[in-house]
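Letter by letter, the chains look like this.
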Amino acid sequence: MYLITRRQELSPSTFLWEVEAPDIAASGEPGQFVMVRLHEGAERIPLTLADFDAGAGTITLVVQALGRSTAEMRDHYHEGDSFADVVGPLGIPTEVAQVGHVVLVGGGLGVAPIFPQLRAFKQAGNRTTAIVGFRSADLAFWLDELREWADDVIVCTDDGSRGRQGLVTEALAELVERDRPDLVVAIGPMVMMRACADTTRASGVKTVVSLNTIMVDGTGMCGSCRVTVDGVTRFACVEGPDFDGHGVDFAELMARQQRFRTEEQAAAADYEHRCQVEQTLFVEGRRTYKKIREIEPTRVPMPVRDAAVRARTFDEVSLGYTLTEAMREAERCLQCARPTCIAGCPVSIDIPRFIRHLLVRDVDGALGVIHEANILPSVCGRVCPQESQCEAQCVIGRKLEPVAIGRLERFVGDHGTAGHPELAEPIGKRVAVVGSGPAGLACAADLARQGVEVTVFEALHVAGGVLRYGIPSFRLPREIIDREVAGLVELGVKFETDKVVGRTFTVADLMNERGFHSVFLGVGAGAPSFLGIPGENAGRVVSANEFLTRVNLMGGDRFPDIDTPVGIGTDVVVIGAGNTAMDCLRVAKRLGARVRCVYRRSRAEAPARAEELHHAEEEGVEFMFLHNPQEVLTDDTGHVRGLRVERMELGEPDEWGRRKPLGTGETLEIGCDTVIVALGTNPNPIVTRNTPGLALDSRGYVAADPTTQATSLPGVFAGGDIVTGGATVILAMGAGRRAAEAIMEYLRTGAARHVDTGSEAVCPRCRRPMEEGDDGICCADSLLAWKCEGCGKRSEGFAFPYGRCSACGGELDLVDPPAVDDQVRDAIRKAFEIELGGRDFYVAAAQHTTDDALRDTFERLAKMEGEHIATLVRRYHLPAPADADGNLHPGMLQAGGSREPDDPADLLGMALELERRAEEYFRGRIAGAAPAAAELYRELAAEEVEHIDLLISELTALRENRSGML
Ligand code: FAD
């Protein structure tokens, strides 16, 4: 690194840097240059040595901020900062001899590089004249320094604000006439040097030009510095940068220089945009910083490997965003004033803040923000079900595709560099973490950061839990896990693999004999579930865990190069349709088998992430939905020959709105030679059975307080799948972090809140009691409804919202399916009437207005009314009302009395009036209605309030002559 010892502003765009570079300072000579690289990834900038001081060990560089790199240098490199690289001195020094009258011409930035040459020619006994040109007086610099060594200094400015008006070449032409020089040295922009050479050509005055701007590497290696001089190709890095200007083929050179023009212009524009964003978001702190209509409606697609190719390899399927793609997607974030996405993340990553850093290309800063809450961003960015968490809460998701937060998280995790972790002083306490899955890792990281000595005990020979042995490498490459685990080692966490707690030693041993003050159990739910059907113990019926472990952990796909065989045949049936089942299907496909999925419910109920199902289908996996396995069929030798299944159909929705699969009595046999059972998991009893006093729930999971993760044993905490049953990585991490917080309190006070051991296992997302056979999250793909306790707004989606109401920020609560009585029906009928009237009005107003922006607004409002009608139809299982005609009824436009529909403000005013009347109508009915109808009226009123808010903001924007929210 090269320390900047001084930075000076010479003019608003020209800056001087003095840099510590003793070797260059000792050997530098006039005319030579250096290559500067600001930081990793920056380009090499050729800069002429403006001065050098061997005694002080410093060199001087003068730079005019013109392009992206020099602007970055101006903005971010101050005294005390360092440049990553300074290479030099490069090039052949200017030949300095006593020749008589030497004229040095410098234009713009070239003024600085002529300085050491001027001094050298003067010291060599020449008469010197400096001709320097600037656009205007305020840009002029170093005139006094030049006068020290020049017998005459001629200053030219474009506007005549200093010295003479006009170009340096005009001054040079006069001088050639009046006081013929013996040598001219011209340094500056290419056009200026060319003009100088043309000016002196007829007189035959030798004119040297300095071509360092055409160099790239500065060492002569790349050949980009080639230039035709007197018909011969010369290389500026090796033989220059000074050449006889009369021989240089400037036309060729300038044509070649043009090739970067488009990119350089784009880079400069990009840099300027970034500076503006930085100013807006970081300096002014403006939120919300853009309009929804400025946002690309769809997210930047994730590049994926071709399905046919990837189905034959274990290479990663999703390839991740490039920087450009990540930036484009980041630009879709509104930077909301009241972001709701954070509450949708189980570990509360400050999503807008990390995206803010990304928007100014500060990937490391973005990683720092994520690391505050999540130590595994590369993992979570790949495997978290963001579509039902943070992204389900994204504000723009109400109108457009939500921001692809997960993909951005992955990008930051993969490309950011973590700074050195900040660690608290050791507090003299030791904690044992049992299990190195996401729960254990998250807990260990938080504790280590707070000065606790943490040891992770892991039963397997390698850390990572399900990430390592369950999730295949084409979804989560092994090196990503290695890197994230290495991050913990850097925090000081110790890992002891091959230690089975409950066998190698017990929890009591850890606390009593091994001196740990507290224990966290994050042992997962690694025991397999089976169906209990005949034939299930045949040879080629395996659990998902066994199959995946053989491949993912033991490398069985490379058998016999690797010792572990996988032992499946060529026709594989996987039972189940959760994430685990998808992994089995896709791994088996990659091993070359025909692969079918058998699932008793329909596709809509499959608990796997939509993306995983989609990828599996693309790769050629066959799906048999609504088929329930009844018997594994075997041949005489006991080998699997098929599966008997019963056709199923979906019954009526249960009290939760979920349609149960019902047997039809019709069975069929499907031929196969392998069955993989992927039906969720059970708690592994090794720890639980060997830890006396550890309370369990009715399904054998550890009973832990939902807030503190404290178990029934003092000092023992538990979290992740061993508490919730099979769930998700991020939920396990959230539990690990909650436990760490409670453990810190326990270590300080010796107390922890204890558990209500009577609680049943509930779905970690929707909090309903779990059904037998549910794969982790019971509501993974079912439609849920929730209601804001504040404004009463009701919403529906595929996820239980962790978050807050997107309209008012209030608390959300899961709601039961609605009961429909006569009053409710009346309310809905009236709502249909009002919504249809509203939609008619907006459709008509959109047709009527001549203002493009307003038309857009009305069209969107019409769509919102239509969506609300559709929601009511779906929610209450009612027939849709007859369609609206979209005609502008004259009466509607008269609704505003003296209002004039051609006036945009009046038109918006009418809309506002209609919405207000609707809101008043619904609110007025709440008091007299029975509870179910009152609830509905409240919701309907809340919906109208949302429209009113939008219209007020549009109207205000219109009055203030700026664009509104929509
Ligand atoms: P685990 O990850 O199970 O880790 C527990 C660790 O404890 C293991 O390493 C185990 O070896 C160790 N251990 C067990 N007993 C002992 C003992 N006695 N002594 C010492 N160590 C012990 N979730 C998602 O969010 N997205 C996905 O895409 C996804 N895909 C999945 C695919 C598969 C195949 C599976 C099985 C699960 C998937 N999940 C997914 C779920 C997710 O991986 C788990 O919810 C999560 O890993 C649970 O974390 P954990 O720390 O509680 O337990």
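Please refer to the structure higher up on the page.
Remember, predicted model here, so these are calculated numbers, not experimental data. (Residues numbered from 1 in each chain as written. Predicted model: local features only at pLDDT ≥ 70, side-chain atom pairs only at ≥ 80, totals over all residues. Heavy atoms only, no water.)

A. Here's a closer look at the overall build of the chain. A tally of regular secondary structure across the chain gives 30 helices and 35 strands. Each of the 966 residues in the chain was classed as buried or not, and the buried ones make up 54%. Long-range pairs, those at least 24 residues apart, make up 67% of the contacts in the chain with a sequence separation of at least 6. Charge-centre separation for the chain: the mean point of 103 positive side chains lies 2 Å from the mean point of 144 negative side chains. (Helix = DSSP H or I, 4+ residues; strand = E, 2+ residues; numbered from the N terminus. Buried < 20%, exposed > 50% of the residue type's maximum accessible area, 1.4 Å probe, protein only. Contact = heavy atoms within 4.5 Å. Lys, Arg positive; Asp, Glu negative; His and termini not counted. Charge placed at Lys NZ, Arg CZ, Asp CG, Glu CD.)

B. Geometry of the site of the ligand. Taken together, 35 residues surround the ligand, and among them V383, E458, R475, V501 and D721 come closest. In the environment of the ligand, an oxygen atom lies 3.4 Å from a nitrogen or oxygen atom belonging to the backbone of G465. Between the ligand and the protein, one listed contact pairs an oxygen atom with a backbone N or O atom of T728 at 3.4 Å. No other element matches helix 21 (residues 579-590), which puts 3 residues into the shell around the ligand. Grouping the constituent residues of the shell around the ligand by class yields 19 nonpolar, 11 polar and 5 charged. (Near = heavy atom within 4 Å. Polar contact = N/O pair within 3.5 Å; in protein donor to acceptor, adjacent residues only side chain to side chain. Nonpolar A, V, L, I, M, F, W, Y, C, P; charged D, E, K, R; others polar.)

C. Here's a closer look at unusual backbone geometry. P89 follows G88 through a cis peptide bond whose omega is 0 degrees. Turning to its location among the elements, P89 is positioned in strand 8 (residues 85-90). Its identity is not glycine, yet R361 carries a phi of approximately 65 degrees, on the positive side. Position of R361 relative to the elements: it lies in the loop between helix 12 (351-359) and helix 13 (363-373). One non-glycine residue, Q709, adopts positive backbone phi at about 65 degrees. Mapped onto the elements, Q709 comes out in the loop between helix 23 (685-689) and strand 32 (716-718).

D. View of the packing of helix 6 (residues 190-201) against helix 8 (residues 250-257). The N-to-C vectors of helix 6 and helix 8 enclose an angle of 175 degrees; their axes lie 11 Å apart at closest approach. Comparing their axes, helix 8 and helix 6 come out roughly antiparallel. Contact residues: helix 6 offers M190, V191, M193, R194 and A197, while helix 8 offers F250, A251, L253, M254 and Q257. A class-by-class count of the residues in the contact of helix 6 with helix 8 yields 8 nonpolar, 1 polar and 1 charged. (Axes fitted to C-alpha atoms, helices over the stretch in contact; angles between N-to-C directions. Parallel < 35°, antiparallel > 145°, perpendicular 65-115°, else oblique.)

E. Examining helix 20 (residues 544-553) more closely. Counting buried positions over the 10 residues of helix 20 gives 7, a clear majority of the element. Those residues of helix 20 that fall on the buried side of the exposure criterion are A544, N545, F547, L548, V551, N552 and L553. Looking one or two residues beyond helix 20, the residue adopting positive phi is G555, at roughly 70 degrees.

F. Expanded view of the environment of R135. Take R135: it is sitting in the loop between strand 10 (127-134) and helix 4 (143-149). Look at R135 and you get exposed, because its relative accessible area is 54%. Each C-alpha atom, one on R135 and one on E43, is 28 Å from the other, the two residues being 92 residues apart in sequence. Once residues lying within four places of it in the same chain are set aside, the contact partners of R135 are T157, D158 and D159.

G. Examining the nonpolar core more closely. Core analysis: the largest hydrophobic core is formed by 82 residues, its most contacted members being I351, F354, I355, L408, L447 and M733. Looking at this core element by element, the count peaks at 11 residues for helix 25 (residues 729-749). With near-sequence residues (within four places) excluded, I351 lies in contact with C341, I342, C345, C390 and I405. Listed in part, the 32 residues of the second largest apolar core include V574, M582, C584 and A678. (Core = buried A, V, L, I, M, F, W, Y, C linked by side-chain atoms within 4.5 Å.)

H. Broad picture of helix 12. Of all 9 residues that make up helix 12, 8 are buried, and the element is covered over most of its length. Listed as buried for helix 12 are I351, P352, F354, I355, R356, H357, L358 and L359. Looking at the buried residues of helix 12, the elements they touch are helix 9 (261-283), helix 11 (323-330), helix 13 and helix 15 (405-415). One or two residues past the end of helix 12 sits R361, with phi positive at roughly 65 degrees.

I. Examining the packing of aromatic side chains more closely. Tallied over the full model, the rule gives 15 aromatic pairs. Consider the rings of F15 and W17, whose centres lie 6.1 Å apart with planes at 40 degrees: the pair is tilted. Neither F15 nor W17 differs from the other in exposure class; each is buried. On the basis of an interplanar angle of 15 degrees and a centroid distance of 5.3 Å, the ring pair of F623 and F625 is categorised as stacked. Through pairs of rings, three or more aromatic residues link up here, namely F115, F134, F141 and W142. The positively charged end of R430 is found above the aromatic ring belonging to F516, 4.1 Å away from the centroid. The ring centre of F474 lies 3.7 Å from the NZ or CZ of R590, which sits over that ring. (Phe/Tyr/Trp six-rings, centres within 6.5 Å; stacked < 30°, edge-to-face > 60°. Lys NZ or Arg CZ within 6 Å of the ring centre and 35° of its normal.)

J. Seen up close, the environment of G320. On the secondary structure map, G320 appears in the loop between helix 10 (307-310) and helix 11. For G320, a relative accessible area of 11% translates into the label buried. Expressed as a C-alpha distance, the spacing of G320 and R382, which sit 62 residues apart in the sequence, is 9.0 Å. Once residues lying within four places of it in the same chain are set aside, the contact partners of G320 are M302, P303, E325 and R410.

Keep in mind these values describe shape, not function.
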